[in-house]
Amino acid sequence: TFDPIRSPVDASRNGWDALTSDTPSTFYGTRFWNHQLEEVKENLEGDTSRVVMDRVLPFIEKAVEAEKPFFATIWFHAPHLPVVSDPKYAKQYENSSSYFKNYFGCISSMDNQVGRLRDFLKTLKVEEDTILLFCSDNGPEGSTEKAPGSAHTLRGRKRSLYEGGIRVPGILIWPNHTEKQIVDTPAVTSDILPTILDLLGIQYTSPRPLDGISLLPILRGETKLRGNPIGFQSAKQIAWQEDEFKLYSGDQGKTWELYNLLEDPTETLDLSATNPQQLNQMKSDVIQWIRSCKASDGGNDY
C-alpha cells in the first residue's frame, strides 16, 4: 500500500484569497509527508492533483516490473476548500467568478489526472487486471446559494446525513470483467474489503466484525438488492438505510424520520407516523448497530 501525501492541513499551496478575488494567492503553511513519515519538499508547485499522481505512478510501475500485486489509495485534495486551480485549468472558465473558475478548474485537473492514471495502466498492459474504483467522500461543501458544488435535487449537503450529504457518485472500472451498467443499489466504502476478499477467494478469519458486504453479486447482475443495511453517525445525526427505507434522526434518537428512498429520494415525505411498524423495526436495528459500534470502539467485540 502507498499513502502518497499526508497533510495535517490541506493539500494546496495557496490561500483563501483566491476564492473571493483575482489577486495572487499566498502560501499558508502546508506540509507534506510520504509514507515513511519523511517531509516532502520537492515537486510541490502547481496543481495538487498532479502532485499526488506524480507519487502514485512510480509506485505502480515498480510493482508491475516486479510482477507483484499492488493496492494504491489515491486521495485527491480537489475540490476541497480552499480551492485554487492551476491557471491553465482555471482559464477554461474565465467567464466565471474567481471562486467558481477555481472550483471547476480543480475538478478538470483531477479529471485529467484520472485519465493519466488510466492511460498509464494501459501503457503497462495491466488495465484489464486492475480494478479502478472512484468515489467522493461526502456531498458538496458550503451553501446552495454561494458554493458551486451541487447535490442536485437531494436534500442536504456536506455534514448532513440526508441524502445530499452521503449519497455520492461511485464508478468502478474493470475492463472485460464487468458489464457496462448503471447500478442503483446503494453501496458504501465498507464494502470494498469484503468485495476484494470475495474476488480473491480469501476467507475472512479475523474476529473483528465487518460492516460491509461483497458487491460481486450486484456487479455480476445476480441481484439488485443489497440485503444489508448501511449505518451512519455524525455528531447528533443518525441514519440507517435499507434497500427501500431510510431512518433519520437529527437529535441522537430523540425523534425519528422515515423515508422511502425508492419513491422519494429527495426525502420530502416523512412516513414515521403512517408506517410505525417499519419505523420501530428499523429503530431497533439501528440501536443495536450503535451499541455494536461502541463495543468495537473499545475492542470489546473482537
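As the structure is a computational prediction, the values presented were derived from the model and not from experiment.

Visitor: Is there a simple way to think about the overall build of the chain in this case?
Guide: Looking only at helices and strands, one finds seven helices and six strands in the chain. Each helix and strand of the chain, ordered N terminal to C terminal, gives the series α-α-α-β-α-β-α-α-β-β-β-β-α. Against the globule reference of 19 Å for 302 residues, the chain gives a C-alpha radius of gyration of 21 Å, in line with a compact fold. Its C-alpha atoms give the chain principal-axis dimensions of about 60 × 50 × 40 Å. Across the 302 residues of the chain, 37% fall into the buried class. Here the chain displays about 18400 Å² of accessible surface, and carbon together with sulfur accounts for 51% of that area.

Visitor: Help me out: how do you make sense of unusual backbone geometry in this one?
Guide: With the exception of glycine, most residues fall at negative phi, and the peptide bonds are largely trans. Of note, the bond from Ala-78 into Pro-79 is cis; its omega dihedral lies within 30 degrees of zero at -5°. Tracing the backbone through its elements, the reader meets Pro-79 in the loop between helix H1 (48–65) and helix H2 (87–90). With a phi close to 60°, His-152 is a non-glycine residue in the positive phi region. Relative to the helices and strands, His-152 resides in the loop between strand S1 (132–135) and helix H4 (163–166). The class for His-152 is exposed, based on a relative accessible area of 72%. A positive phi is found at Gln-252, a non-glycine position, where the angle reads about 60°. Within the secondary structure, Gln-252 is located in the loop between strand S5 (245–249) and strand S6 (257–260).

Visitor: Explain the packing of aromatic side chains to me, please; I cannot follow it from the model alone.
Guide: Each aromatic ring pair is specified by the distance between its two centres and by the angle formed by the two planes. On inspection of all chains with the given rule, the structure shows seven aromatic pairs. Measuring from centroid to centroid gives 4.0 Å for Tyr-162 and Tyr-248, while their planes differ by 25°, and the two rings are stacked. Placement of the pair is Tyr-162 in the loop between S1 and H4 and Tyr-248 in strand S5, with a sequence separation of 86 residues. Take Tyr-162 and Tyr-248: they sit in the same class, and that class is buried. Ring centres of Trp-240 and Trp-289 lie 5.5 Å apart, and the angle between their planes is 45°; this geometry places the pair in the tilted category. One end of the pair, Trp-240, is in strand S4 (residues 237–241); the other, Trp-289, is in helix H7 (residues 276–297), with 49 residues separating them in the sequence. The two residues Trp-240 and Trp-289 agree in class, both being buried. Members of the aromatic cluster, joined through ring pairs, are Tyr-93, Tyr-99, Phe-100, Tyr-103 and Phe-104. Over the face of the ring belonging to Tyr-162 we find Arg-155, whose NZ or CZ atom lies 3.9 Å from the ring centre.

Visitor: I would appreciate a short explanation of the nonpolar core in the present structure.
Guide: Within soluble globular proteins, side chains that are nonpolar tend to cluster in buried spots. Residues Met-53, Ile-60, Val-83, Tyr-99 and Leu-117 are the most contacted members of the largest nonpolar core, which totals 20 residues. When residues in this core are grouped by element, the largest group, eight residues, is from helix H3 (residues 98–123). In this structure Met-53 touches Ile-74, Phe-76, Gln-113, Arg-116 and Leu-117, once residues within four positions along its chain are discounted. Judged by nonpolar contacts, the second largest core, of 13 residues, contains Ile-238, Leu-247, Met-282 and Trp-289.

Visitor: Looking at this structure, I do not really get the sheet that holds strand S3 (residues 230–234). What am I missing?
Guide: Sheet strands line up and pair through hydrogen bonds in the backbone, either parallel or antiparallel. Spatial strand order, S3-S4-S5-S6: four strands in an open sheet with antiparallel pairing. Looking along the sheet, the strands with just one partner apiece sit at the ends: S3 and S6. Each strand of the sheet is rotated relative to its neighbour by a mean of 15°, with strand direction disregarded. Pairing of S4 with S5, which is carried by four bridges, proceeds in the antiparallel orientation. In the strand pairing of S5, Trp-240 is matched with Leu-247. Strands S3, S4, S5 and S6 of the sheet are contacted by H7, whose axis makes an angle of about 65° with S5.

Visitor: How do you make sense of the state of the cysteines when you look at a structure like this?
Guide: Chemically, a disulfide is nothing more than a covalent bond linking the sulfur atoms of two cysteines. A full pass over the atoms with the stated rule returns zero disulfides. Cys-293 carries a free sulfur, and the closest cysteine sulfur to it, the one in Cys-135, is 19 Å from it.

Visitor: I would appreciate a short explanation of the confidence of the model for the chain in the present structure.
Guide: Detailed reading of the predicted model is not advised wherever pLDDT is low. On average, residues of the chain carry a pLDDT of 88, and 90% of them reach 70 or more. This stretch, residues 1–21, has a pLDDT under 50; its non-local contacts, to residues over four places away or in other chains, come to 79 contacts.

Visitor: Sorry, what's going on with the pattern of salt bridges here?
Guide: Pairing between side chains of opposite charge can happen when the charged atoms of each approach one another. According to the stated counting rule, one finds eight salt bridges in the structure shown. Several salt bridges share partner residues, and in doing so they unite Glu-163, Arg-167, Lys-246 and Glu-267 into one network.

Basis of the calculations
- Residues numbered from 1 in each chain as written.
- Predicted model: local features only at pLDDT ≥ 70, side-chain atom pairs only at ≥ 80, totals over all residues.
- Heavy atoms only, no water.
- Helix = DSSP H or I, 4+ residues; strand = E, 2+ residues; numbered from the N terminus.
- Rg over C-alpha atoms; globule rule 2.2 N^0.38 Å.
- Buried < 20%, exposed > 50% of the residue type's maximum accessible area, 1.4 Å probe, protein only.
- Areas by Shrake-Rupley, 256 points an atom, 1.4 Å probe, with all protein chains shown as cover.
- Phe/Tyr/Trp six-rings, centres within 6.5 Å; stacked < 30°, edge-to-face > 60°.
- Lys NZ or Arg CZ within 6 Å of the ring centre and 35° of its normal.
- Core = buried A, V, L, I, M, F, W, Y, C linked by side-chain atoms within 4.5 Å.
- Contact = heavy atoms within 4.5 Å.
- Pairing = 2+ DSSP bridges.
- Axes fitted to C-alpha atoms, helices over the stretch in contact; angles between N-to-C directions.
- Disulfide = S-S within 2.5 Å.
- pLDDT = per-residue confidence, 0-100.
- Salt bridge = Lys/Arg side-chain N within 4 Å of Asp/Glu carboxyl O.

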